[in-house]
Amino acid sequence: MPGESPPPVEPSASAAAESDERSLLSDARLTIAKRDLSSLSREKTIVLALLIQLFVAAFSSFLVVGLTSLYSPGSVSAGEVVVGVAGDHDDALVRAANDQDGLRAITYPSPEDARSAYQNGNVHAVMIAGDSGDRIDVTVIAPQESIETTLIVDQVRTLLERVERNERIVRGEHLDRSPVPVPDEVDASPYYGFTYTVLVPLLLFLPPFISGSVAVDSLTEEIERGTLELLRVAPLSLVDIVDGKALAMVLIAPLQALLWITLLGVNGIDIANVGQLLVVVAALTTLVVTLGLSLGVLTAKRRQAQLLYSVLVIFGFGALTFVPEHPATTVAKLAVDSPTTTTTVHVVAYVAAAAVLFTLARRLVARTDPEGL
């Protein structure tokens, strides 16, 4: 009919989706996150730390040999170590030495003869085994300030551990009560143990700790420089600002971990359960970043916040040794594809703890007066 207005045109589903996408990309928290990530390139200390981790992961197949020599000096073949033994229980030392690779024991009739052979350079070290009640007392003479000292001491220590093990087995038959059974020896490669119990946890735990430290600096520097007020003019609430900074730091750590895992795989070090490992990294990152930002809000001072952050993280990581499974053990078990029910429970617990702490931190920030910072 003439004069009638046309019916309103309803927006299509595609237009609504496009509008939602634009609103997501224009989210102020995401803008804050992008801003913080771009500023990382100007932090020389952080860039250097990332480059060192990148170098370790990229050349891990070569570095693991040298690093293992520091972790377990006996794993490096550096010739035969000759040890002179004497005393009442020299036979126990000789029996143990015969079962140890890289070490040879020479028996001397008296301790004086053994010491003389050491002084003349005929042996690398001397071990004199005597009686001390019901125990075997071993006196060791080894060189000091020598390039070979570390290897010699490591071989001697291994020999003493083997003697102790043998004596426990032999004397266990004459005890009134049965001792705790000694576990069987495992002929495992030190390179395998070092890679999965030291190198992999080190590469996966450093990104969360660095992210937490950067989060502390990011927030406290905004407060000390007065730029926090400029951000709030946007207008942005303090919760939005903290959320954006947390988002940036929580995202970067799992991405680094994924890159390190990829580079380890290129070097022939297979890592299993990558998805669960990334979940652990993300949860730990959320925990430490939330802690750092909360300290930044509470103290509003960079030095105080960084000191408290460092102390609490070190104390908290050390306190985790009292839980059934330390995070490093969880990571190692996941990496070698031998997780247990306890491992899965710990992964879930880390995620739950991260969610609870983040929720509590947001409430703390919401109750904080920005004018008082």
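Residues numbered from 1 in each chain as written. Predicted model: local features only at pLDDT ≥ 70, side-chain atom pairs only at ≥ 80, totals over all residues. Heavy atoms only, no water.

K.L.:
Before we move on, can you summarise the side chain of Q53 with the specific residues and values?
P.N.:
Structurally, Q53 can be placed in helix α3 (residues 44-58). The exposure class assigned to Q53 is buried, which follows from its relative accessible area of 4%. Not counting residues up to four positions away in its chain, the partners in contact with Q53 are L203, L206, P207, I210, Q256 and W260. (Helix = DSSP H or I, 4+ residues; strand = E, 2+ residues; numbered from the N terminus. Buried < 20%, exposed > 50% of the residue type's maximum accessible area, 1.4 Å probe, protein only. Contact = heavy atoms within 4.5 Å.)

K.L.:
Help me get a handle on the pairing of strand β2 (residues 103-107), residues and values and all.
P.N.:
Two strands pair when backbone bridges link them, and strand β1 (residues 81-87) and β2 are joined in this way by five bridges, in the parallel orientation. Looking at the pairing, V81 lines up with L103 of β2. (Pairing = 2+ DSSP bridges.)

K.L.:
Run through the pattern of salt bridges, naming residues and quoting values.
P.N.:
Applying the stated criterion across every chain, the model contains 11 salt bridges. Measuring nitrogen to oxygen at the nearest pair gives 3.5 Å for the salt bridge that ties D91 to R95. You can see D91 and its partner R95 sitting in helix α5 (residues 90-98), four residues apart, about one turn around the helix. A salt bridge links K333 to E325; its shortest N-O distance comes to 3.0 Å. Assessed through its relative accessible area of 24%, K333 is described here as partly exposed. With a relative accessible area of 3%, E325 lands in the buried category. The network of salt bridges with shared partners includes R35, D36, E222 and K245. (Salt bridge = Lys/Arg side-chain N within 4 Å of Asp/Glu carboxyl O.)

K.L.:
I'd love a proper account of the nonpolar core, names of residues and values included.
P.N.:
Grouped together as the largest cluster of nonpolar side chains are 32 residues, with contacts concentrated most on V214, V242, M249, V289, L293, Y309 and V365. Looking at this core, the elements with two or more residues in it are α2 (28-39), α8 (190-225), α9 (227-232), α10 (238-266), α11 (274-299) and α12 (302-319). No other element matches the nine residues that α10 contributes to this core. Contacts of V289, omitting those with residues within four sequence positions, involve S211, G212, A215, A246, M249 and V250. With 31 residues, the next largest nonpolar core counts F194, A257, V281 and A354 among its residues. (Core = buried A, V, L, I, M, F, W, Y, C linked by side-chain atoms within 4.5 Å.)

K.L.:
Break down helix α13 (residues 327-335) for me, with residues and values.
P.N.:
The periodicity of an α-helix, 3.6 residues per turn, causes residues three or four places apart in sequence to face the same way. Most of α13 is tucked away, with seven of its nine residues classed as buried. Within the span of α13, buried status applies to P327, A328, T330, V331, A332, L334 and A335. One or two residues past the end of α13 sits D337, with phi positive at roughly 60°.

K.L.:
Describe in detail helix α14 (residues 341-367), supporting the description with residues and values.
P.N.:
Taking 1.5 Å of rise per residue, the 27 residues of α14 would be expected to cover 39 Å, and the 39 Å separating its terminal C-alpha atoms lies within 8% of that figure. Those residues of α14 hidden inside the fold are in contact with α10, α11 and α13. (Expected span 1.5 Å × (residues − 1).)

K.L.:
An account of the packing of α3 against α10 is needed here, citing residue identities and associated values.
P.N.:
Where α3 contacts α10, the axes come no closer than 8 Å and their chain directions differ by 30°. On the basis of the axis angle, α3 is roughly parallel to α10. On α10, the residues touching L50, Q53, L54, A57 and A58 of α3 are Q256, L259, W260, L263 and L264. Its residues assigned to classes, the contact of α3 with α10 comprises eight nonpolar, two polar and no charged. (Axes fitted to C-alpha atoms, helices over the stretch in contact; angles between N-to-C directions. Parallel < 35°, antiparallel > 145°, perpendicular 65-115°, else oblique. Nonpolar A, V, L, I, M, F, W, Y, C, P; charged D, E, K, R; others polar.)

K.L.:
Residue-level account of the sheet that holds strand β4 (residues 135-141), with values.
P.N.:
Overall, mixed pairing links the four strands, which are arranged β2-β1-β3-β4 in an open sheet. The sheet is open, and its two edges are formed by β2 and β4, each paired on a single side. On average, each strand axis in the sheet is tilted by 30° relative to the strand beside it, whichever way the strands run. Where helix α6 (residues 111-119) meets the sheet, its contacts fall on β1, β3 (125-132) and β4, and the angle it forms with β3 comes to roughly 160°.

K.L.:
Can you tell me about a nonpolar patch on the surface, naming the residues and giving the values?
P.N.:
Together, L51, L54 and L259 make up a nonpolar patch on the protein surface, roughly 240 Å² of accessible area in all. With respect to the helices and strands, the residue L54 is situated in helix α3. (Patch = residues over 30% accessible without salt bridge, like charges linked within 9 Å, V, L, I, M, F, W, Y side chains within 5 Å. Areas by Shrake-Rupley, 256 points an atom, 1.4 Å probe, with all protein chains shown as cover.)

K.L.:
Residues and numbers for the pairing of β4, please.
P.N.:
Sheet topology note: the β3/β4 ladder contains seven bridges and is antiparallel. Looking across to β4, one finds that M127 is bridged to V140. Turn length for the β3-β4 hairpin, with the two strands adjacent in sequence and antiparallel, is two residues, and the turn residue G133 shows positive phi of about 75°.

K.L.:
A description of unusual backbone geometry should follow, citing residues and the corresponding values.
P.N.:
Even without a glycine there, the phi angle at A300 is positive, about 60°. Residue D337 is not a glycine yet carries a positive backbone phi of 60°. Looking at the element boundaries, D337 is found in the loop between α13 and α14.

K.L.:
Let's hear about the environment of V274: which residues, and what values?
P.N.:
Note that V274 resides in helix α11. Setting aside chain neighbours within four positions, we find V274 in contact with L258 and I261.

Everything listed here is a matter of coordinates, which is why it stays silent on function.
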